Amino acid sequence: MTQSLRLGVAGLGTVGTSVVRMVARRAEALAAAAGRPVQVTAVSARDRGRDRGLDLAGIAWFDDPVHLARAGEVDCVVELIGGAEGAARATVEAALAAGKHVVTANKALLARHGAALARMAEEAGVALAFEASAAGGIPVVKTLREALAGNAVARVYGILNGTCNYILSRMELEGLTFEACLKDAQALGYAEADPTFDVEGFDTAHKLAVLTSLAFGTQIDADGISVEGISAIAPLDLRMADELGYRIKLLGVAEATPAGIEQRVHPTMVPKSSAIAQVMGVTNAVTVDTDALRELTLIGPGAGGEATASAVVADIADVAAGRVGPAFGRPAGGLRPLPRAEMQRHEGGYYIRLTVHDRPGVAAGVATRMAERDISLESILQRRSESAAAQDPHGRSGVPVPLVLITYAATEAAIRASLDAIAADGLLAEPPQVIRIERD
């Protein structure tokens, strides 16, 4: 093939502009690797007059990305608009209907419509490529789809959101509150003005939905993911984690269990000795547990223009070279329904921080309620502030204090039932903090 692959880039934000620059900068290497030239021939964005630092001379401009998707001078549409509906969905569907390849970084779109779009791509004989949709520049999509074809995956989990990892890292290392670290993350551009999508776990959930389908050959089930964010994590939780030999990370976890496949996003205590515990700041990491390799961990930049553009351009190179296969590693019709394991059936260790009234018998009452549901406690720690201990050395004031429990393996249902009973006994001064433990 000697004819150029002509790219239409829809969306010229941070990632889009980085893609245009990278394609130009790496033009010779891309042509050598793909056996044909690759060039940007068309672009689309909302504001034509904005200075993006790009030389767009000779490149067609489209105000409407759907028109770009149907344009004759475009062979491959690079969708970088974002969002599960609206212009992004319309652009991708128009491109596939017109028989054009699609490269996208849009995890929200894939989490909602990935299977339908994959079927459209297969029927048209074109590529739907999305390496940049999960974990930024880390090649986890290609790893799951291609490199691990000989392995049976038991679990895939990881740090999939750099904003949350940055906040938790700062909280741990500097003893800062969630609110203070979030403010700094926004000032540095790591968090949006409205950070809900990131800090409440929804961004991670969309990425996890894609990875679950790739890892287990199942249909995408974004609605089956149990999601919790990091906004309730307190500095005390990070200090206690450190004392107990753990770090707290927001993880997305997909795991095969006897009850089905668990999909969950939540703050998690991970052993300090684990590879994923060493990942700090905005870096992402994904660990895949398989029957043959046991544990494979990929670590790298999870966000930013250059990192995400790197994954986008890798997909473009595959398209240019004619490497077109099923988007999810098998025909869309062969993706089996996901056997969903409900969160109440999850079994593992738990960190539980109770704020209780500091009076005799409280710890015993808590332990009794746990024992009634066959929950064994690995440790129970009571922490009183130095000032409170000095003023009331015998603990008779009844001032609320934290009581920290570490459990052995227990079910989510048993933990929640025991906490409801403890609350009904009037032992709690505040709602409990519950963090799951992901042991090696």
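For the structure, see preceding data.
Just so you know, these numbers come straight off a predicted model, no measurement behind them.

### Focus: the overall build of the chain
So, step 1. Helix and strand counts for the chain come out as 15 helices and 17 strands.
So, step 2. For 440 residues, the compact-globule estimate of 2.2 N^0.38 gives 22 Å, and the chain sits close to it at 25 Å.
So, step 3. Reported as C-alpha extents along the three principal axes, the dimensions of the chain are approximately 85 × 45 × 35 Å.
So, step 4. Intrachain contacts of the chain at a sequence separation of at least 6 include 77% that bridge at least 24 residues.
So, step 5. For the chain, the accessible area works out to roughly 18200 Å², and carbon and sulfur atoms hold 50% of it.
So, step 6. The average position of the 42 basic charges and that of the 52 acidic charges among the side chains of the chain differ by 2 Å.

### Topic: the sheet that holds strand β1 (residues 5–10)
Sheet strands pair by backbone hydrogen bonding; their relative direction is either parallel or antiparallel.
So, step 1. Taken in spatial order, the six strands of this open sheet run β3-β2-β1-β4-β5-β6, and their pairing is parallel. Looking at the sheet topology across the chains shown, the edges are occupied by β3 (60–62) and β6 (128–129).
So, step 2. Here strand β2 (residues 38–44) pairs with β3 via three bridges, running parallel. Across the sheet, A42 pairs through a bridge with A60, a residue of β3.
So, step 3. Of the strands in this sheet, β1 and β2 touch helix α1 (residues 14–25), which is tilted by about 155° from β2.
So, step 4. Contacting β1, β2, β4 (76–79), β5 (101–104) and β6, helix α12 (residues 305–320) runs over the sheet at an angle of about 165° to β5.

### A word on the environment of N165
So, step 1. For N165, the position within the fold is in helix α7 (residues 162–174).
So, step 2. Expressed as a C-alpha distance, the spacing of N165 and P258, which sit 93 residues apart in the sequence, is 31 Å.
So, step 3. What N165 contacts, discounting residues up to four positions off in sequence, is I159, K249, V279, M280, G281 and T283.

### Observations regarding the pairing of strand β15 (residues 400–407)
So, step 1. By the criterion of burial, β15 is predominantly enclosed, with seven of the eight residues buried.
So, step 2. Across seven bridges, the pairing between strand β13 (residues 347–357) and β15 is antiparallel. Following the sheet pairing, I352 is matched in β15 by L405.
So, step 3. Summarising the sheet, strand β14 (residues 377–382) and β15 pair through five bridges and their orientation is antiparallel. Paired with L377 across the bridge in β15 is T407.

### Some words on the pattern of salt bridges
So, step 1. Inspection of every chain in the model, using the stated rule, returns 27 salt bridges.
So, step 2. Residues E85 and R89 are paired through a salt bridge, measuring 2.8 Å at the closest nitrogen-oxygen approach.
So, step 3. In this structure E85 comes out as partly exposed when scored by relative accessible area, which is 43%.
So, step 4. Put simply, E372 and R373 hold a salt bridge, and the shortest N to O gap is 3.5 Å.
So, step 5. Accessibility expressed as a relative area gives 30% for R373, which makes it partly exposed.
So, step 6. Shared partners join several salt bridges into a network, and the residues in it are R155, E255, E262, R264, D289 and E438.

### Let's talk about the packing of aromatic side chains
So, step 1. Taken as a whole and assessed by the stated rule, the structure comprises two aromatic pairs.
So, step 2. On the basis of an interplanar angle of 40° and a centroid distance of 5.0 Å, the ring pair of F130 and F328 is categorised as tilted. Of the two residues, F130 is situated in the loop between β6 and α6 (140–147) and F328 in the loop between α12 and β13; the sequence distance between them amounts to 198 residues. Across this residue pair, the class does not change: F130 and F328 are buried.
So, step 3. Measuring from centroid to centroid gives 5.0 Å for Y166 and Y190, while their planes differ by 65°, and the two rings are edge-to-face. One end of the pair, Y166, is in helix α7; the other, Y190, is in the loop between α8 (178–187) and α9 (196–199), with 24 residues separating them in the sequence.
So, step 4. On the basis of relative accessible area, Y190 is assigned to the partly exposed category, the value being 37%.

### Details of the nonpolar core
So, step 1. Of all hydrophobic cores here, the largest spans 81 residues; its most connected members are L128, F130, V140, I167, I230 and F328.
So, step 2. Looking at this core element by element, the count peaks at eight residues for helix α10 (residues 202–216).
So, step 3. Among residues more than four places away in sequence, those in contact with F328 are G114, A115, A118, F130, R145, V210, S213, L214, I220 and L335.
So, step 4. Counting 32 residues, the second largest nonpolar core, distinct from the first, contains L7, W61, V78 and V103.

### What to know about α12
So, step 1. An ideal rise of 1.5 Å per residue puts 22 Å on 16 residues; α12 measures up with 22 Å between its terminal C-alpha atoms.
So, step 2. With 13 of 16 residues buried, α12 lies mostly within the body of the structure.

### What about the side chain of S418?
So, step 1. Mapped onto the secondary structure, S418 falls in helix α15 (residues 412–424).
So, step 2. Here S418 falls in the buried class, since its relative accessible area comes to 0%.
So, step 3. If near-sequence neighbours (up to four positions away) are discounted, S418 is found in contact with R369, M370, R373 and I375.

### Some details on α10
So, step 1. The end-to-end C-alpha distance of α10, which contains 15 residues, comes to 21 Å, matching closely the 21 Å that a straight helix rising 1.5 Å per residue would cover.
So, step 2. Of all 15 residues in α10, 14 are buried, a share of seventy percent or more.
So, step 3. Residue G217 follows α10 closely and has a positive phi angle near 65°.

### What about the packing of α7 against α8?
So, step 1. α8 packs onto α7 with a crossing angle of 130° between their chain directions and a minimal axis gap of 9 Å. It follows that α7 is oblique to α8 by the angle criterion. Here the hand of the crossing between α7 and α8 comes out right-handed. Contacts between α7 and α8 involve Y166, I167, R170 and M171 on the former and, on the latter, F178, C181, L182, D184 and A185.
So, step 2. Its residues assigned to classes, the contact of α7 with α8 shows seven nonpolar, no polar and two charged.

About the cut-offs
- Along each chain, numbering runs from 1 in the same order as the chain's sequence is written.
- Per-residue local features of the predicted model are confined to residues with pLDDT of at least 70, and side-chain atom pairs are confined, for both listing and counting, to 80 or more; whole-chain, interface and lining totals are unaffected and use all residues.
- Calculation of side-chain values draws on the structure's entire complement of heavy atoms; hydrogens and water are dropped beforehand.
- Under the scheme used here, helices are H or I runs from DSSP no shorter than 4 residues and strands are E runs no shorter than 2 residues, and both carry numbers assigned from the N terminus.
- Our radius of gyration looks at C-alpha atoms and nothing else; its globule reference is 2.2 Å times the residue count to the power 0.38.
- When checking whether two residues touch, look at their non-hydrogen atoms; a contact exists if any pair is within 4.5 Å.
- Exposure was quantified through the Shrake-Rupley algorithm and a 1.4 Å probe, taking into account, for residues, occlusion by the shown protein chains and nothing else.
- Only four residue types enter the charge count: Lys and Arg as positive, Asp and Glu as negative, with His and the chain ends excluded.
- Lysine's charge is taken at NZ, arginine's at CZ, aspartate's at CG and glutamate's at CD.
- The criterion for strand pairing is that DSSP finds at least two bridges linking the strands in question.
- Axis angles are defined between N-to-C directions and span 0 to 180 degrees, where every axis is a line fitted to C-alpha atoms and, for a helix, only to the segment in contact.
- Buried, partly exposed and exposed residues are distinguished by accessible area as a fraction of the type maximum, computed with a 1.4 Å probe on protein chains only: under 20%, between the cut-offs, and over 50%, respectively.
- Just to be clear on terms, a salt bridge is a Lys or Arg side-chain nitrogen sitting within 4 Å of an Asp or Glu carboxyl oxygen.
- Stacked, tilted and edge-to-face are the three classes applied to pairs of Phe, Tyr and Trp rings, where Trp contributes its six-membered ring and a pair requires centres within 6.5 Å; stacked means planes under 30 degrees apart, edge-to-face means over 60, and tilted covers the rest.
- By nonpolar core we mean a set of buried residues, namely Ala, Val, Leu, Ile, Met, Phe, Trp, Tyr and Cys, connected to one another through side-chain atoms within 4.5 Å.
- Given the number of residues in a helix, its expected span is that number minus one, multiplied by 1.5 Å.
- Between 65 and 115 degrees an angle is taken as roughly perpendicular, under 35 as roughly parallel, over 145 as roughly antiparallel, and anywhere else as oblique.
- Note: crossing handedness is left-handed where the near helix turns anticlockwise from the far helix by less than a right angle, and right-handed where it turns clockwise.
- Ten residues, namely Ala, Val, Leu, Ile, Met, Phe, Trp, Tyr, Cys and Pro, are considered nonpolar, four, namely Asp, Glu, Lys and Arg, are considered charged, and the remaining ones, Gly among them, are considered polar.

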